[in-house]
Amino acid sequence: MTLDYSPPISMAVFQLPILSPEIPLRFPPKPLNFANHRGINFSRPLSAISDSRSGEPDSEFRNRMFILGMGFVGGIFAQQLKESDWVVSGTCRSDSKKKEWENRGIDLHLFSADSPQWSVLETVKDYTHLLISIPPLADIGDPMLRNVQLVRDKLSSGNLRWLCYLSSTSVYGDCGGAWVNEDHPPNPKTQSAKLRLAAEEGWLSLGRDLGVSTQILRLGGIYGPGRSAIDTLLKRERLSEGQKRRSSRKFTSRVHVEDICQALQAATEKPSSGEIYNIVDDDPAPREEVFEYALELIEKRWPGNIETKPFPFLYESREESSLRGEKRVCNEHVKSKLGVKLLYPSYKSGLQSIVEKMDNPF
């Protein structure tokens with residue numbers, strides 16, 4: 001496959017710094033011995049680990065993951081880690097979500113991104129691994145980096161040896177439908193994409209200061225059980241204006257949540273200094289094509305329960321979104337560097353898996 005790049009675009013404000021290929025880590029990398037197979041069921045780590053509420057002191061042999069932002073991705077990854085005897089904790093925004101996770105055996109800390117409770121850092125510094133899954137706020141940016149000096153001071157005296165920031169492929173901007181990889185100069189157009197890129201730079205810089213393994217995962221459009229084209233059709237949900245604009249694009253790079261978790265697994269096994277990975281499948285496709293296929297799967301699984309063309313709103317608003325732009329995102333780096341083999345290389349296999357595991361919704 002030939003990568004057709006557009007000429008580099010100057011990024012005076014959001015240009016990522018040049019990273020040293022050899023940044024000494026404060027802690028030597030330790031293999032975590034995950035089992036790499038379908039379902040992402042991890043094998044037992046180096047030693048038996050107590051429940052996430054044990055409160056026992058940490059040791060160099062115990063793997064402890066703190067997830068800032070227990071959303072769709074963070075929640076699924078947390079459950080997989082817990083089932084593998086990791087110590088897991090993180091943050092959420094509501095008491096109801098906190099109670100829900102307590103019932104699953106994971107204690108969370110309430111955390112408001114618009115007014116961060118910095119006391120959470122006292123807990124974070126006792127963990128060996130930190131996953132940041134909180135999107136930046138409009139006009140503010142990454143909530144944790146608002147007080148980066150405090151974060152640096154707290155974590156420098158802790159046990160952290162690995163951190164990862166979940167970013168977005170939106171940082172590439174409009175590439176005219178060309179294939180882009182991690183070497184392509186970012187050119188974000190939307191405010192949210194610009195803040196994403198600024199957050200990447202901030203976490204990479206902080207990781208260098210702390211001397212820990214720091215990695216950036218740029219995610220495509222995320223889907224999975226309960227959050228897919230199939231779910232949207234079955235719930236008869238109306239698309240947002242942003243979703244309508246995306247439906248007119250020729251290419252959208254997306255990724256199944258299980259493949260994101262698989263990439264996270266691999267990233268913990270292979271610590272690195274400032275690596276960036278695109279996490280997408282092999283099959284960038286227009287949104288309309290994905291919904292057409294989802295409709296076929298529903299009709300095949302539960303024939304006669306849904307109209308052939310029940311949702312004309314899927315095909316409204318055909319204007320191109322010049323801000324998000326056209327691009328096809330390449331994933332060769334995560335395959336070659338981390339050895340990831342996608343569970344769902346196409347939206348077709350991903351949607352088939354979702355519909356096969358669903359109970360009859362009719």
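Residues numbered from 1 in each chain as written. Predicted model: local features only at pLDDT ≥ 70, side-chain atom pairs only at ≥ 80, totals over all residues. Heavy atoms only, no water.

If you look the chain up in an unreviewed UniProt entry, it shows as NAD-dependent epimerase/dehydratase domain-containing protein from Cardamine amara subsp. amara.

**Structural notes on helix α9 (residues 287-301)**
To be explicit about the condition: Helical segments are the DSSP runs of H or I of at least four residues, strand segments are the runs of E of at least two, and each set is numbered from the N terminus. For a helix, the expected span equals 1.5 Å multiplied by the number of residues minus one. Partly exposed describes any residue whose relative accessible area lies between the buried limit of under 20% and the exposed limit of over 50%, with all areas from a 1.4 Å probe on protein chains only and scaled to the type maximum.
End to end, α9 covers 21 Å across 15 residues, agreeing with the expected 21 Å (1.5 Å per residue, within 8%). All of the buried residues in α9 are R287, V290, F291, Y293, A294, L295, L297 and I298.

**Notes on the pattern of salt bridges**
Note the threshold: Salt bridge, as applied in this entry: a Lys or Arg side-chain nitrogen positioned within 4 Å of an Asp or Glu carboxyl oxygen.
The full count for this structure, using the stated rule, is ten salt bridges. For the salt bridge of K125 with E122, the shortest nitrogen-to-oxygen distance reads 3.3 Å. Residue classification places E122 among the partly exposed residues on the basis of a relative accessible area of 34%. When the shortest N-O distance is used, the salt bridge between D209 and R152 registers 3.0 Å.

**Observations concerning the packing of helix α4 (residues 148-156) against helix α5 (residues 191-210)**
Rule in force here: Note on geometry: axes are C-alpha line fits, over the in-contact stretch for helices, and angles between N-to-C directions span 0 to 180 degrees. For any helix crossing, the convention is left-handed if the near helix is rotated counterclockwise from the far helix by under a right angle, and right-handed if that rotation is clockwise. In what follows, residue pairs with any heavy atoms lying within 4.5 Å of each other are defined as contacts. Note on residue categories: nonpolar means Ala, Val, Leu, Ile, Met, Phe, Trp, Tyr, Cys or Pro, charged means Asp, Glu, Lys or Arg, and polar means any other residue, Gly included.
Interaxial distance between α4 and α5 falls to 10 Å at its minimum, and their mutual angle equals 35 degrees. The two elements α4 and α5 meet at a crossing, and its hand is right-handed. Here V148, V151, R152, L155 and S156 of α4 lie close against α5, whose contacting residues are L206, D209 and L210. Partitioning the contact of α4 with α5 into residue classes produces five nonpolar, one polar and two charged.

**A look at the confidence of the model for the chain**
Basically, it comes down to this: The pLDDT value tells you how sure the predictor is about a given residue, anywhere from 0 up to 100.
Taken residue by residue, the chain gives an average pLDDT of 81. The fraction at 70 or more is 74%. Note that residues 1-59 has pLDDT below 50 and, in this model, 138 contacts with residues that lie over four places away or in other chains. A low-confidence stretch, residues 315-322 (pLDDT under 50), is modelled with 22 contacts involving residues beyond four sequence positions or located in other chains.

**Considering the sheet that holds strand β2 (residues 87-92)**
As a reminder of what qualifies: A pair of strands is considered paired only if DSSP assigns at least 2 bridges between the two.
Read from one edge of the open sheet, seven strands run β3-β2-β1-β4-β5-β7-β10, paired in parallel fashion. Bordering the open sheet on either side are β3 (108-110) and β10 (273-279), each of which pairs with just one other strand. Neighbouring strand axes in the sheet, compared pairwise and without regard to direction, differ in orientation by 15 degrees on average. Bridge analysis of strand β1 (residues 64-68) against β2 gives four bridges, and the strand direction is parallel. Bridge pairing in β2 places F66 opposite S89. Sheet strands in contact with helix α1 (residues 72-83) are β1, β2, β4 (129-132) and β5 (162-168), and its direction is about 165 degrees off that of β1.

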